[in-house]
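# Residue-level structure breakdown
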Amino acid sequence: MKNIKDYNLEELKQELIDIGEKKFRAEQIFKWLYVEKIKSFDEMTNLSLELREKLKEQYTICNFGIIKKQESKDGTKKYLFDTLDGNAIETVLMQYHYGYSICVSSQIGCKMGCKFCASTGIKFARNLTSGEIVEQILAVEQDTGIKISNVVFMGIGEPLDNYDNVINAIHIINNPKGLNIGARHISISTSGLVPKIYQLADENIQCTLSISLHASNNKKRSEMMPVNNSYPIEELMKACKYYIEKTNRRISFEYALAKDSNDNLEDAKELTKLLKGMLCHVNLIPINKIENGVYTKATNTNILNFRDFLNEHRNCCYY
Ligand code: SF4
């Protein structure tokens, strides 16, 4: 059966028309799903009994169950959700001074094979549907009672490899009658799928683009990220410049510092040269060693030297 959360508002209006109902019912259903956050058609009390029965015959409402929940000292909550088909996905809730941010998964497993990423060990099973992406936000809001203000597509999966479902989920998340989270509070992180970056730039959605860069030359980047063999740095930078030109949005470059790999001053110099003149900032992240992984965290001295060099030459954030 079809998951009713897979439809954006315009699509839902069409679904209602197709089953012989008035399209304004779609707005009522949207409100029940995303404002009232109900879990069953029976709770949609301003719909006739007949319509509720009709909806039950054709659609389901996907509600994830929590398999596991872990909370760290800083309040970060990590959820493992049951996707109801024998798979599981991870979602993380973080609290910042500006509100609550959620890191959602876009796929079950990932095909990209980045050498430093724990998701590389998780075999790709399938794309998440738009409803399953949105459900991660709803399930966390239902569990905690809080209102999420920021969404980052940085969980398991390459969001641009599941392009249509991610864009559709953004339309639901962003709709004032849906979850009402502004596009500027939604961030998509990609390993660098160049054709999809061009496509995203042309969507006219004001979301933030994050690029997992991690190296500033092709040799080092291809060692860390096989995607670089298909879309080398020169092509990636061209696509990033196009994105900035079309959206006038600043790009975030993620750079995980790995010991004896990409963490020396020569790398910092090369990075500043690569990003010269671009509307962007760099997020430096200490790499987390994964099981059987070759990369380990850079020394504090190298991290600070790298950060200071970048700060002298351009904007940089260090987490
Ligand atoms: S694309 Fe993202 S999730 Fe996939 S392997 Fe690379 S870093 Fe991990």
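Calculation rules
Residues numbered from 1 in each chain as written. Predicted model: local features only at pLDDT ≥ 70, side-chain atom pairs only at ≥ 80, totals over all residues. Helix = DSSP H or I, 4+ residues; strand = E, 2+ residues; numbered from the N terminus. Rg over C-alpha atoms; globule rule 2.2 N^0.38 Å. Buried ≥ 20, exposed ≤ 12 C-beta atoms within 10 Å, placed from the backbone. Contact = placed C-beta atoms within 7 Å. Arc of directions from axis to C-beta. Domains from an automatic or database assignment. Near = placed C-beta within 6 Å. Nonpolar A, V, L, I, M, F, W, Y, C, P; charged D, E, K, R; others polar. Pairing = 2+ DSSP bridges. Axes fitted to C-alpha atoms, helices over the stretch in contact; angles between N-to-C directions. Parallel < 35°, antiparallel > 145°, perpendicular 65-115°, else oblique.

## Brief notes about the overall build of the chain
- What the chain contains, in helices and strands, is 11 helices and 14 strands.
- Here the chain has a C-alpha radius of gyration of 21 Å; the compact-globule value for 319 residues is 20 Å, and the two agree.
- The 319 residues of the chain split such that 39% are buried.
- Sequence separation of 24 or more characterises 64% of the internal contacts of the chain that already satisfy a separation of 6 or more.

## Some details on helix H2 (residues 24-34)
- Inspection of H2 places Arg25, Ala26, Ile29, Phe30, Trp32, Leu33 and Tyr34 among the buried residues, and these make up the whole buried set. Along the axis of H2, the buried residues cluster in a sector spanning 170°; they form a single face.
- As for H2, its buried residues are in contact with helix H1 (9-18) and helix H3 (49-58).

## Considering the environment of His281
- Tracing the backbone through its elements, the reader meets His281 in strand S13 (residues 280-286).
- Residues His281 and Glu254 lie 27 residues apart in sequence; the distance between their C-alpha atoms is 8.8 Å.

## So, the domain arrangement of the chain
- The domains assigned to the chain are domain 1 (2-60) and domain 2 (65-318).
- With 10 residues of domain 1 in contact, the opposing surface of domain 2 contributes 15 residues.

## So, the site of the ligand
- What surrounds the ligand is the set Cys110, Met112, Gly113, Cys114, Cys117, Ser119, Thr120, Ile156, Gly157, Glu158, Ser191 and Ser212.
- For the shell around the ligand, a count of residues per class yields five nonpolar, six polar and one charged.

## Here we look at the pairing of strand S4 (residues 77-82)
- As judged from the six bridges shared by strand S3 (residues 65-71) and S4, these two strands associate in the antiparallel manner. When the bridges of S4 are listed, Gln70 appears paired with Lys78.
- Connecting S3 to the antiparallel partner S4 that follows it, the hairpin turn spans five residues, and Gly75 within it adopts a positive phi of roughly 95°.
- Two elements, S4 and strand S5 (residues 88-96), share six bridges in a ladder whose sense is antiparallel. Looking at S5, one finds that Asp82 is bridged to Ala88.
- What sits between the antiparallel neighbours S4 and S5 is a turn of five residues, in which Leu84 has the positive phi angle 70°.

## Notes on the packing of helix H6 (residues 194-202) against helix H9 (residues 233-247)
- Across the interface, H6 lies against H9 with an axial gap of 9 Å and an inter-helix angle of 5°. When the axis of H6 is compared with that of H9, the two are roughly parallel. Between H6 and H9, the contacting residues are Val194, Ile197, Tyr198, Leu200, Ala201 and Asp202 on the first element and Glu235, Leu236, Ala239, Cys240, Tyr242, Tyr243, Lys246 and Thr247 on the second.
- Residues that form the contact of H6 with H9 fall into these classes: 10 nonpolar, one polar and three charged.

## Considering the environment of Ile181
- Mapped onto the fold, Ile181 is located in the loop between helix H5 (163-174) and strand S10 (186-190).
- In this structure Ile181 comes out as buried when scored by C-beta crowding, with 21 C-beta atoms within 10 Å.
- When the C-alpha atoms of Ile181 and Ala169 are compared, they prove to be 12 Å apart, with 12 residues separating the residues in sequence.
- Residues contacting Ile181, with those up to four places away along its chain left out, are Ile148, Ser149, Val151, Ile173, Asn174 and Ile186.

## Quick word on the environment of Glu90
- In this structure, Glu90 sits in strand S5.
- What makes Glu90 partly exposed here is the crowd of 19 C-beta atoms within 10 Å.
- Linking Glu90 and Gln136, residues 46 residues apart in sequence, is a C-alpha distance of 8.9 Å.
- The residues touching Glu90, leaving out its near neighbours within four places in the chain, are Lys78, Tyr79, Leu80, Ser105, Gly155 and Ile156.

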